[in-house]
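So the chains spell out like this:
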Amino acid sequence: LVTALAIDPDRVRARQQAGEAVDSAPAATPPAEPKPAQLPEPPPVCPAAPPVRAPLTPVPRASFGLAGFVGAGVLPGLNAGVAGEVGARFERFHARFVARYWVPTSADIQGGPLSIELSLATAGLHGCVVPRREAWSLLGCLGLRLGDMSGSGQGVNHARTRHALFGSIETTVIAAYSRLEPAPFAALSLAWAVVRPPFGASLAGVEMETFRPGQPAVLASLGVSYGL
């Protein structure tokens, strides 16, 4: 370097200035790689709402039934009869119109041989709730019954037939086997007479009461029903 300066100092100075310019120039940075474009995330998919259904209006189903029964407390002794019913059944409610006919029986006048033959036909409207409807359906019912009770003298002079109004309040429990159609059922009823007509005869000008329906009465029924 000393020799070069001595020979050609201007050339050495120009070379030094060129090297300093190169050193002071900023280092070239490689071009940044372009980042891939990010797609927007799709919005979260909400589950489809179930279709809104209008509430269904309960449609009544008609029911029909036929049964035989025995009872005590309405007519003298233990009596039998037949009953028929029609009704309308909803999901938890059952309306029944029940008609009954009792086989006529007799009540002795002063121990016989004179007697009064008594018969009874009733009809009533019952409302039932159905707390259970499975293989065995249970119904609890409350109803009002009205009917015609008649009495006719047997063996007495100037016998005539008398008709009178009979009325009672009745509660019933029904068990029906719903897996068969028509369904067999059994029922137990407890009745309380609210209209109790008396029946009797006139002996030697004296009116004698022979029979009056009892207030409490019990009935047991067996039958079949369609739609119960």
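Relevant structure appears above.
Everything numeric in this text was worked out from a predicted model, so none of it was measured.

Engineer: For this particular structure, what's the right way to read the side chain of Ser 152?
Structural biologist: Here Ser 152 lies in strand 5 (residues 136-154). Of the residues examined, Ser 152 reaches a relative accessible area of 18% and is grouped as buried. A distance of 3.4 Å separates a polar atom in the side chain of Ser 152 from a polar atom in the side chain of Thr 161. If we ignore the near neighbours within four places in the chain, the residues touching Ser 152 are Ser 115, Ile 116, Glu 117, Arg 160 and Thr 161.

Engineer: Please clarify how the state of the cysteines should be interpreted in this entry.
Structural biologist: Two cysteines joined by a covalent bond between their sulfur atoms form a disulfide. Under the defined criterion, the tally for this structure stands at 1 disulfide. Paired through a disulfide, Cys 128 and Cys 141 show a sulfur-sulfur distance of 2.0 Å. With the S-S dihedral at roughly 105°, the linkage between Cys 128 and Cys 141 falls on the right-handed side. One end of the pair, Cys 128, is in strand 4 (residues 115-133); the other, Cys 141, is in strand 5, and 13 residues separate them in sequence. Note on Cys 141: relative accessible area 6%, which makes it buried.

Engineer: Is there a simple way to think about the pairing of strand 5 in this case?
Structural biologist: Successive side chains on a regular strand alternate, one facing one side of the sheet and the next facing the other. Where strand 4 meets strand 5, 17 bridges bridge the pair, whose relative direction is antiparallel. Opposite Leu 125, over in strand 5, you have Leu 144 as the bridge partner. In terms of strand pairing, strand 5 meets strand 6 (residues 161-177) through 17 bridges, oriented antiparallel. When the bridges of strand 6 are listed, Gly 140 appears paired with Val 173. Counted along the chain from strand 5 to the antiparallel partner strand 6, the turn is 6 residues long, and its residue Gly 155 has a positive phi close to 85°.

Definitions and limits used
Residues numbered from 1 in each chain as written. Predicted model: local features only at pLDDT ≥ 70, side-chain atom pairs only at ≥ 80, totals over all residues. Heavy atoms only, no water. Helix = DSSP H or I, 4+ residues; strand = E, 2+ residues; numbered from the N terminus. Buried < 20%, exposed > 50% of the residue type's maximum accessible area, 1.4 Å probe, protein only. Polar contact = N/O pair within 3.5 Å; in protein donor to acceptor, adjacent residues only side chain to side chain. Contact = heavy atoms within 4.5 Å. Disulfide = S-S within 2.5 Å. Pairing = 2+ DSSP bridges.

So yeah, pure geometry; function would need other evidence.
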